[in-house]
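Descriptive analysis of the structure
Okay, here's what each chain looks like letter by letter:
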Amino acid sequence: MFRSGILVALLCVVGTSALGDRLYGNLSFSYQRLRETSPDSLGFKTRTDDLTQESAILNYEDALFTKNQLRLGMNLNRREYSFSSYHEFRPIFYLDLRSFGYTISSSYSPYRRLVTDAAGTRLFYQHFRDWRSSLSTSYTNWPSFGMTYTSNRNWYEGYIYTRDARSSNLVMQSSYLYHGLSYQASFNSLKASFLQGGGTDNHTRTLSSTVGYSKSAVRLGTINTSYSLYTTRRYDNDLLSIKSRTHAVSAMYSSPTLLKFNGNASYSGRFFRTEQVVISRDYRNEIFAGQLSVAPTGYLSFDLTKGYQLGTESGRNQITEYVAFSSHMTRYLRNGVDTRFSVTRTVFQQSDRVLQLADDSTTSRGQYSLDTYYGSLVMGPYNYMKTYLDASLTHNSDPVDPNQRYQMTGGIDTRMNLSRATEARFAYSALYQGSRLRLGHSYSQSYNAGVTYIPESNINVNITYIYSTYNAAIRTKTGSLTGYVSYAFRHAFSMYVSVNRQEQIREELVGVPTVLQRSTLRPQSVNAQMIMYLSRRTTLSISYLYTKSPSLTVGATTNRSLQTILNIQV
């Protein structure tokens, strides 16, 4: 802690005495007091720790020649780890050069970390050296170009060259747009070498490019097309091990509205092949979809959709075909009341669909249908109150799991302004899933109620209660009460306090004969923070965190943390 304080003070002195076109940065010092109480074999044990973290970010900018901006920067960060004497120091140094149309950036970071061996019995320092350089150009009427090169090297202390690992990655990309024609291309070369255990080298190269065209006309409609090529080659110890190539084609057309009719069609195809040492595999995936829509009135519309999907994997075809009929009605009934109702019936024909029967045998049922009903109601007859209601029901004529034949959801959300500064809210949602339709039953439920009080722009009070249930083999109930208060005084300080209390109940049938076993957990947490603005460039924050995490077997673990952070902008 003493050496880190000297480091921050030295940076302050150097920063204030340096001359240049522009010198700026940020200095931060953090002190944290930890206290943990946890159960052990003799009862409870308590341990405390004091942690510090210092960081300094300094940047120096100057003009190079006439229109080039040069930046030299460094980011120094030191942190301590809780309940140990280990600390880590990581510096990052930067060199940037930029001007109109181009940017060159580079960074270098040497640091080390304390690690253990495979058995976890011995400690080693692992050293790292990270380099990164990038170049990007962007000029009007010219293709944009970007290149990034990263290199990483690490070794264990005392084992340099014999337990060495290195990796590098080169990424180049370019794009161009001319009227409706677009082009993108990228190249990636990833290398990795490990000198331990005889040494291995991996080299993966990928190349991808995409050409697209888009055109829109009032009388002819809109068309979008694209073609992509993606290739990959992987070398292990300079021997080709995996090679793949992928072709992707897509096209979409949308027609203009004619006599209240409009339509669209789309096609996408993906064809790829992978080759390993002695194995070659071909894959194919094609999707076609077309839709025709008509709106006889402003509040009523009908859709007809036809879809087709073909998948091929090593000579095995999987075909899925569907036809969907849907209607939508949106009606404004009266002042502040809107309704929406839609019905969709989708008929599927699937070539490769096997169902499990009760006697453990299987049968192929290729055709099934899905019926979906959805309705919503929005009521806001008064300015101070608004309610949203929605419900949906899905019926599967031949589900894979009989318990998924019916799925039903419903919800309500109400907001009410009790006064100019007070808002109350309530929300409810439910989900049901089963082999038959049972109104009034649910698989899970959730209730959310709360009040928000904002008398002034700098005061906020919020109370929220959430209760949820989940009905399965193990029934769970969870209740959560959260209170939040925040206050700010001009530009002097701001603070907030948040308190949360939960009750988690778990019920299950155990034993023979079965008995109901019930367990309850009550976790708690308190979070508070105050930020004081000491000057235009100096802030001081104090935060407190308390958590209590109970356990069904060993008792509750309690953590307390008090942290102070001083931040100075240079």
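For the structure, check the block above.
Residues numbered from 1 in each chain as written. Predicted model: local features only at pLDDT ≥ 70, side-chain atom pairs only at ≥ 80, totals over all residues. Heavy atoms only, no water.

1. What about the overall build of the protein?
In terms of regular secondary structure, the protein is built from one helix and 31 strands. Against the compact-globule benchmark of 25 Å for 570 residues, the protein has a radius of gyration of 32 Å, which places it well outside the compact range. By principal-axis analysis of the C-alpha atoms, the protein measures approximately 75 × 60 × 60 Å. Residue burial in the protein is summarised as follows: out of 570 residues, 27% are buried. Considering only residue pairs separated by 6 or more positions, the protein has 43% of its internal contacts joining residues 24 or more positions apart. Of the roughly 36200 Å² that the protein leaves accessible, carbon and sulfur atoms contribute 57%. The positive charge centre, built from 59 side chains, and the negative charge centre, built from 38, are 4 Å apart in the protein. (Helix = DSSP H or I, 4+ residues; strand = E, 2+ residues; numbered from the N terminus. Rg over C-alpha atoms; globule rule 2.2 N^0.38 Å. Buried < 20%, exposed > 50% of the residue type's maximum accessible area, 1.4 Å probe, protein only. Contact = heavy atoms within 4.5 Å. Areas by Shrake-Rupley, 256 points an atom, 1.4 Å probe, with all protein chains shown as cover. Lys, Arg positive; Asp, Glu negative; His and termini not counted. Charge placed at Lys NZ, Arg CZ, Asp CG, Glu CD.)

2. Quick notes on unusual backbone geometry
With a phi close to 70°, Asn141 is a non-glycine residue in the positive phi region. Backbone geometry places Leu259, a non-glycine residue, at a positive phi of 55°. With respect to the secondary-structure elements, Leu259 resides in the loop between β12 (239-254) and β13 (261-275). Residue Leu259 is classed as exposed on the basis of its relative accessible area, which comes to 72%.

3. Let's talk about the packing of aromatic side chains
Inspection of the entire model under this criterion finds 14 aromatic pairs. Seen in terms of ring centroids, Tyr322 and Phe348 are 5.8 Å apart; in terms of plane orientation they differ by 40°. Their pairing is tilted. Residue Tyr322 is found in strand β16 (residues 316-334), and its partner Phe348 is found in strand β17 (residues 337-350); the two are separated by 26 residues along the sequence. Judged by its relative accessible area of 25%, Tyr322 falls in the partly exposed class. Given a relative accessible area of 17%, Phe348 falls into the buried group. Every member of this aromatic cluster is reached through a ring pair, and the members are Tyr322, Phe348 and Tyr368. Of note, Arg112 hangs over the ring of Tyr125, and the distance from its end group to the ring centre comes to 3.8 Å. In this structure, Arg113 packs its charged tip against the face of Phe128, placed 5.6 Å from the ring centre. (Phe/Tyr/Trp six-rings, centres within 6.5 Å; stacked < 30°, edge-to-face > 60°. Lys NZ or Arg CZ within 6 Å of the ring centre and 35° of its normal.)

4. A look at the pairing of strand β23 (residues 422-434)
Note: strand β22 (residues 406-417) against β23, 12 bridges, orientation antiparallel. Each residue of the ladder has a partner; that of Asp413, found in β23, is Ala427. Following β22, the chain reverses through four residues before pairing antiparallel with β23. With 10 bridges connecting them, β23 and strand β24 (residues 444-453) associate as antiparallel partners. By the bridge assignment for β24, Phe426 is matched with Ala449. (Pairing = 2+ DSSP bridges.)

5. Description of the environment of Tyr487
Here Tyr487 shows up in strand β26 (residues 475-489). The partly exposed category is assigned to Tyr487, whose relative accessible area is 31%. C-alpha separation for the pair Tyr487 and Val497, spaced 10 residues apart in sequence, amounts to 9.3 Å. The contact partners of Tyr487, leaving out residues within four places of it in the chain, are Asn458, Ile459, Phe493, Ser494 and Met495.

6. Structural notes on the pattern of salt bridges
Within this structure, the stated rule accounts for 23 salt bridges. A salt bridge links Arg47 to Glu36, with the nearest nitrogen and oxygen atoms 3.1 Å apart. Remark: Glu36 occurs in strand β1 (residues 22-40) and Arg47 occurs in strand β2 (residues 43-64); sequence separation between them is 11 residues. Residue Glu36 is classed as buried on the basis of its relative accessible area, which comes to 15%. Among the ionic pairs, Arg415 bridges to Asp413, the shortest N-O distance being 3.4 Å. (Salt bridge = Lys/Arg side-chain N within 4 Å of Asp/Glu carboxyl O.)

7. Observations regarding a nonpolar patch on the surface
Nonpolar side chains collect at one region of the surface, where Tyr176, Tyr178, Leu181, Tyr183, Val211 and Tyr213 lie side by side and expose about 570 Å² of accessible area between them. Of all the secondary-structure elements, those providing two or more residues to the nonpolar patch are β8 (164-178), β9 (181-194) and β10 (200-217). Here Tyr213 lies in strand β10. (Patch = residues over 30% accessible without salt bridge, like charges linked within 9 Å, V, L, I, M, F, W, Y side chains within 5 Å.)

8. Considerations on a positive patch on the surface
There is a patch of like positive charges on the surface, built from Lys191, Arg205, Arg233 and Arg245. Checked against the element boundaries, Arg245 lands in strand β12.

9. Notes on the side chain of Ser543
If you trace the backbone, Ser543 turns up in strand β30 (residues 538-549). On the basis of relative accessible area, Ser543 is assigned to the buried category, the value being 18%. Setting aside residues up to four positions removed in sequence, Ser543 forms contacts with Ala528, Gln529, Ser561, Leu562 and Gln563.

10. A closer look at the environment of Ser168
With respect to the helices and strands, Ser168 occurs in strand β8. When the C-alpha atoms of Ser168 and Asp398 are compared, they prove to be 53 Å apart, with 230 residues separating the residues in sequence.

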